[in-house]
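Single-letter residue listing:
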Amino acid sequence: MKKRIAIYPGSFDPITNGHLDILDRSLKLFSEIVVVVAGSGRKSPLFTPEERVELIRDVVADRPQIRVDQWSGLIMQYAKEHHVHAVVRGLRAASDFEYEFMMSTMNKELNPDVETVFMMTAQNLYFVSSSMIKELFLYGGDISPFVPPQVVERLEAKRKKAGTR
Ligand code: COA
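Residues numbered from 1 in each chain as written. Predicted model: local features only at pLDDT ≥ 70, side-chain atom pairs only at ≥ 80, totals over all residues. Heavy atoms only, no water.

**Quick look at the pairing of strand E2 (residues 32-38)**
Quick reminder of the rule: Under the scheme applied here, a residue whose accessible area is under 20% of the maximum for its type counts as buried, over 50% as exposed, and between as partly exposed, the area being computed with a 1.4 Å probe on protein chains only. Strands are runs of DSSP state E lasting at least 2 residues, helices are runs of H or I lasting at least 4, and numbering of each runs from the N terminus. DSSP-based pairing: two strands are paired if at least 2 bridges between them are found.
The buried count for E2 comes to seven of seven residues, which makes it a mostly enclosed element. Along E2, one buried face is formed by Glu32, Val34, Val36 and Ala38 and the opposite face, lined by Ile33, Val35 and Val37, is buried too. Where strand E1 (residues 5-10) and E2 come together, six bridges link them in parallel fashion. Note on E2: the bridge partner recorded for Ile5 is Glu32.

Structure below.
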């Protein structure tokens, strides 16, 4: 059967267990998933794109069907250049819907051959977001139930380097 390749784009600043849950479920539908670290244009990230790519590679090292890439242009341009069939996006709450609806409609205008596939985020993780993780960590909360251990390590290393707490 023909290989079905999907991309999972996002800012991943940093990757959370919510993203991992979407990735693992996507592997049931697609033979290969490429996590694409992209700029959202609306955010000032904590980790550089290179750091985010390295961190995700570390987290998914035991999943050979997942690759990680970086892109600074339009996601649909990436899809065209890499012969991608679909884009995977996670929906957490009703509040995600409008933005995702507009983005997938714009993407369809740009490249009608690519479908966007939405997955509902796991019930126990719908309240998790990368910003929430960074805030929880900043104020000394325990982030370990919500992120892979490598994320805890990198955040601690960043804090140590910045010389705070
Ligand atoms: N579990 C937990 N959290 C999740 C999640 C899940 N399953 N899915 C998303 N989130 C969180 C993210 O952590 C992120 O949190 P934050 O806002 O606190 O950082 C938030 O939901 C949304 O993040 P993300 O999925 O990374 O989307 P984004 O809005 O940051 O990035 C891009 C969207 C990068 C895909 C989009 O801007 C893009 O395609 N950019 C390239 C340019 C382009 O082609 N634009 C579209 C056409 S104009």
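**Here's the deal with the confidence of the model for the chain**
For clarity, the threshold we go by: What pLDDT reports is the predictor's confidence in each residue, on a scale of 0 through 100.
On average, the chain scores 93 in pLDDT, and the residues at 70 or more come to 98%. Within the chain, the element-level pLDDT minimum falls on helix H4 (residues 94-110), averaging 93, and the maximum on strand E3 (residues 66-71), averaging 98.

**Observations regarding the packing of aromatic side chains**
Stated precisely, the cut-off is as follows: By convention, a stacked pair of Phe, Tyr or Trp rings (six-membered ring in the case of Trp) has centres within 6.5 Å and planes under 30 degrees apart, an edge-to-face pair has planes over 60 apart, and any other such pair is tilted.
The tally for this structure, following the rule as stated, stands at five aromatic pairs. Among the aromatic residues, those joined into a ring-pair cluster are Tyr126, Phe127 and Phe146.

**Observations regarding the site of the ligand**
How we decide: One heavy atom within 4 Å of a molecule or strand makes the whole residue count as near it. Polar contacts here mean pairs of N or O atoms no more than 3.5 Å apart (in protein, one a potential hydrogen donor and the other a potential acceptor; neighbouring residues in sequence count only if both atoms are side-chain atoms). Each accessible area is a Shrake-Rupley result for a 1.4 Å probe, and residues are judged covered by the shown protein chains and nothing else. Polar here means any residue outside two lists: the nonpolar Ala, Val, Leu, Ile, Met, Phe, Trp, Tyr, Cys and Pro, and the charged Asp, Glu, Lys and Arg; Gly therefore counts as polar.
Contacts to the ligand come from 27 residues, most closely from Ser11, Lys43, Ile75, Ser130 and Ser131. At 3.1 Å, a side-chain N or O of Arg89 approaches an oxygen atom of the ligand. Protein coverage of the free-state accessible area of the ligand, which is 940 Å², stands at 86%. Of all the elements in the fold, those that place two or more residues in the shell around the ligand are E1, helix H1 (17-26), H4 and helix H5 (130-138). Residue composition of the shell around the ligand, grouped by class: ten nonpolar, 13 polar and four charged.

**Quick look at the sheet that holds strand E5 (residues 115-120)**
Going by this rule: For helices, the axis comes from a line fit to the C-alpha atoms of the stretch in contact; other axes are also lines fit to C-alpha atoms, and the angle between any two N-to-C directions lies between 0 and 180 degrees. By definition, residues are in contact when any of their heavy atoms lie within 4.5 Å.
Overall, parallel pairing links the five strands, which are arranged E3-E2-E1-E4-E5 in an open sheet. One side of each edge strand has no neighbouring strand; the edge strands of this open sheet are E3 and E5. In this sheet, adjacent strand axes meet at a mean angle of 30° when their direction is disregarded. Relative to E5, H1 is tilted by about 120°, and along the sheet it contacts E1, E2, E3, strand E4 (86-91) and E5. Each of E2 and E3 touches helix H2 (residues 49-59); the most contacted strand, E3, lies at about 175° to it.

**Some words on H1**
Along H1, eight of the ten residues are buried, which leaves the element largely enclosed by surrounding structure. Of all the residues in H1, the buried ones are Asn17, Gly18, His19, Leu20, Asp21, Ile22, Leu23 and Ser26. You can read the cap of H1 off the contacts: a side-chain oxygen lies 3.1 Å from the backbone nitrogen of Gly18, and it is on Thr16.

**Here we look at a nonpolar patch on the surface**
For clarity, the threshold we go by: Surface patches are drawn from residues lacking salt bridges whose relative accessible area is over 30%; two like charges belong together within 9 Å, two nonpolar side chains (Val, Leu, Ile, Met, Phe, Trp, Tyr) within 5 Å. Just to be clear on terms, a salt bridge is a Lys or Arg side-chain nitrogen sitting within 4 Å of an Asp or Glu carboxyl oxygen.
Taken together, the side chains of Leu74, Met106 and Leu110 make up a nonpolar region of the molecular surface, amounting to roughly 300 Å² of accessible area. Locating Met106 in the fold gives a position in helix H4.

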